[in-house]
Every structure is written in C-alpha cells, then in structure tokens.
Amino acid sequence: MQNYKKLLLAAAATLAFGTQAVAAEKLILGTEGAYPPFNLIDASGKVGGFDVDIGLALCAKMEVECDVVTSDWDGIIPALNAKKFDFLIASMSITEERQAAVDFTNPYYTNKLQFIGAKNKEFKTDEASLKGKVIGAQRATIAGTWLEDNLGKVVDVKLYDTQENAYLDLSSGRLDGVLADSFVNWEWLKSDAGKNFEFKGDPVFEDDKIGIAVRKGDALRERLNTALQAIVEDGTYKQINDKYFPFSIY
C-alpha cells in the first residue's frame, strides 16, 4: 500500500511537472512598431496595434506565452533569422524574394496600394500627369518596389526608413504624394496631420497578401496557420478587425 502511494505521488509529480513545462512554453513575437494602426509604440512605450493583437490572439490559441519585441524594418528579416524572435508579424507582404529567406503563413489580411496627396492640388495618377513629381514611400516595401519598378523613370522617388517619416515630408510640402498601403494611408488621413490630404486615383495594386514570417522549415508555421483559422472561425479575428477598421480587411 505504501509503495502504491509512492507511485501515485510520483505520477502526480510527473504530471504536474509536465503541465508546468507545457504552460511555460514561451515565444517571442517580432514587429516593427512604426506602422500604425498595424504596429506602433504608444506614449507609455507599449507596443500595440492590429498586428500585435492578432499575434497575441494566436499565442493564446496555441496556449503559449508571448513577449513582444520591435526591430527596425530594414533589418527585420535578418533579426528573425538571427533568432531575435520566433515569428514576425509586421504587415509584411508575401513576395518571392522574401520567400527565399523565410517561410510565410497563410495571409492574415489583403492590402492594396494607393496614392495620397494634398486636397487642394490636382493629382492624376497616369504617367503623363505624374511626370516630374516627387513621390515618397517606405524603403524595402511593396510600395517602394512598385514605385521604382513602374515609375522610376517618370517620378523622383524618395524612400524612407519609416512610413511616419514619409508622411512628415508630405505634410511639410517636400513631397507631392505618397504611395503606401491603403489601410495605413486611411489611418493617417484621419489624423490631424493628414486632414488636408486625400486619396488620389484608384489603387494601383490590389492583391497584396500579408503573412506572418517564420524561419525556413520551422514547424511553427503550421501551428500559426491552425491558430489563424481558429481565431477566424470563433470570431476573435473579427473582434480585433472591428477595433481598428469599420470594414473587413481579411
């Protein structure tokens, strides 16, 4: 009987240890922190935004603890591959070039590119009308690449380390326009700095798939895909979407 009790105690201890080990799994979520409303650092220094909320919801669904860290955009993929964090959720477009360096989950939203400019100035988006204009975009983004590839010989392309700096130059008159993700432009146009600006023309690219990046071959990709499907199905995704947008971006 005494040996039986010892066995029960040992089994209980093993079970408790195993439960603690599972509960103790921790992942690090990487993002930029300079791309509102998707990722940003607020006045108190807290990192938040749509990307972060989605990332933390995925962590909760996978039953893991997650810490959030930020990285400059230019070095964000190298930081992932250097194991500074476990997965990257920073409104990153899925491209062939990036797929050579990292693996992506299924898209967690779809974006499009659109110009913005001053309300009181004519701004047509055909090549003839854009000729000679100074247009800004964030460096190493779909918008920056599209500008260089499609209008590099027509406009003066100015690339910035952050989207916020592109907006600063637009509002100060150093740019005629900015090309960026429509949802990010939409957020800025609502701000006091953006009140005198508006969308110009139709979107120039409408099938920008946004994914979560992990290191090549990492099984975490499938866990994230499963969790993403689950938060879409149980309504968590919609709750987060509605917190930031009056329309669906999925």
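The written sequence of each chain sets the order in which its residues are numbered from 1. With pLDDT at 70 or above as the cut-off, local features in this predicted model cover only qualifying residues; side-chain atom pairs require 80 or more to be listed or tallied, and sums for whole chains, interfaces and linings still use all residues. By convention in this description, side-chain values take in all heavy atoms of the structure and omit both hydrogens and water.

Draft legend 1. Focus on the overall build of the protein chain. Labels follow the DSSP assignment, with helices taken as runs of H or I lasting at least four residues and strands as runs of E lasting at least two, numbered in each case from the N terminus. The helix and strand inventory of the protein chain stands at 10 helices and 12 strands. Its C-alpha atoms give the protein chain principal-axis dimensions of roughly 90 × 35 × 30 Å. Each residue is assigned to one of three classes by its accessible area relative to the maximum for its type, calculated with a 1.4 Å probe on protein chains only: buried under 20%, partly exposed between the two thresholds, exposed over 50%. Split into buried and exposed, the 250 residues of the protein chain put 46% on the buried side. Any pair of residues with heavy atoms lying within 4.5 Å of one another is described as a contacting pair. Summarising the internal contacts of the protein chain: among those between residues at least 6 apart in sequence, 69% fall at separations of at least 24.

Draft legend 2. Local environment of the layout of surface pockets. Buried and open spaces are told apart on a 1 Å grid over the protein atoms alone, a cavity being a set of points where a 1.4 Å probe fits but cannot get out and a pocket being an open set with protein on both sides within 12 Å along at least five of seven lines. Residues with an atom within 4 Å of a point are the lining residues. Grid points are joined across faces, edges and corners, and a volume is the space filled by probe spheres set on the points. Estimates place the volume of the largest pocket at around 250 Å³. As for the largest pocket, its lining consists of 14 residues, of which Ile 77, Thr 95, Glu 97, Arg 98 and Ala 140 are closest to the centre. For the lining of the largest pocket, the elements supplying multiple residues, two or more each, are α3 (76-81), α4 (96-99) and α6 (142-151). Here the term charged refers only to Asp, Glu, Lys and Arg, the term nonpolar to Ala, Val, Leu, Ile, Met, Phe, Trp, Tyr, Cys and Pro, and the term polar to all other amino acids, Gly among them. Residues belonging to the lining of the largest pocket are distributed by class as follows: 8 nonpolar, 3 polar and 3 charged.

Draft legend 3. Looking closely at the environment of Lys 158. As for its position among the elements, Lys 158 is in strand β10 (residues 156-160). Spatially, the C-alpha atom of Lys 158 lies 10.0 Å from that of Arg 174, the residues being 16 residues apart in sequence. Those residues in contact with Lys 158 that lie beyond four places of it in its chain are Val 134, Ile 135, Gly 136, Ala 137 and Leu 175.

Draft legend 4. Representation of the state of the cysteines within the structure. In this description, the term disulfide denotes a pair of cysteine sulfurs within 2.5 Å. Within this structure, the stated rule accounts for 1 disulfide. One disulfide in the model links Cys 59 with Cys 66; its S-S distance is 2.0 Å. Here Cys 59 and Cys 66 share a disulfide; its torsion about the S-S bond, -85°, makes the bridge left-handed. Comparing Cys 59 with Cys 66 shows no difference in burial state: the two are buried.

Draft legend 5. Just helix α9 (residues 220-233), in detail. By definition here, a helix of n residues has an expected span of 1.5 Å times n minus one. Between its first and last C-alpha atoms α9 spans 20 Å; for 14 residues at 1.5 Å apiece the expected length is 20 Å, and the two agree. Against the buried residues of α9 lie β1 (26-31), α2 (50-62), β6 (87-93), β12 (197-215) and α10 (236-244).

Draft legend 6. Region of interest: the environment of Val 52. Among the structural elements, Val 52 can be located in helix α2. For Val 52 and Ile 41, which are 11 residues apart along the polypeptide, the C-alpha to C-alpha distance reads 11 Å. If sequence neighbours within four positions are ignored, Val 52 has contacts with Leu 29, Thr 31, Phe 38, Val 47 and Val 68.

Draft legend 7. Up close: empty space enclosed by the protein. If you walk through the whole model with that rule in mind, you get 1 cavity of 30 Å³ or more. Roughly 130 Å³ of volume is contained in the largest cavity. As for the largest cavity, its lining consists of 17 residues, and the residues nearest its centre are Tyr 35, Ser 91, Thr 141, Ile 142 and Asp 181. Looking at the lining of the largest cavity, the elements with two or more residues in it are β6, α6 and β11 (177-181). Of the residues in the lining of the largest cavity, the class split is 8 nonpolar, 5 polar and 4 charged.

Draft legend 8. Structural detail: the pattern of salt bridges. For this document, the term salt bridge refers to a Lys or Arg side-chain nitrogen within 4 Å of an Asp or Glu carboxyl oxygen. One pass over the full model with this rule turns up 17 salt bridges. Across the pair Glu 25 and Arg 223 runs a salt bridge, and its minimum N-O distance is 3.1 Å. On the criterion of sequence distance, the pair formed by Glu 25 in the loop between α1 (2-23) and β1 and Arg 223 in helix α9 is long-range, its members being 198 residues apart. One salt bridge in this structure joins Asp 53 and Lys 243, with 2.8 Å as the shortest N-O distance. Here Asp 53 is found in helix α2, whereas its partner Lys 243 is found in helix α10, with 190 residues between them in sequence. Classification of Lys 243 as exposed rests on a relative accessible area of 56%. Residues joined in a network through salt bridges with shared partners are Lys 26, Glu 65 and Asp 67.

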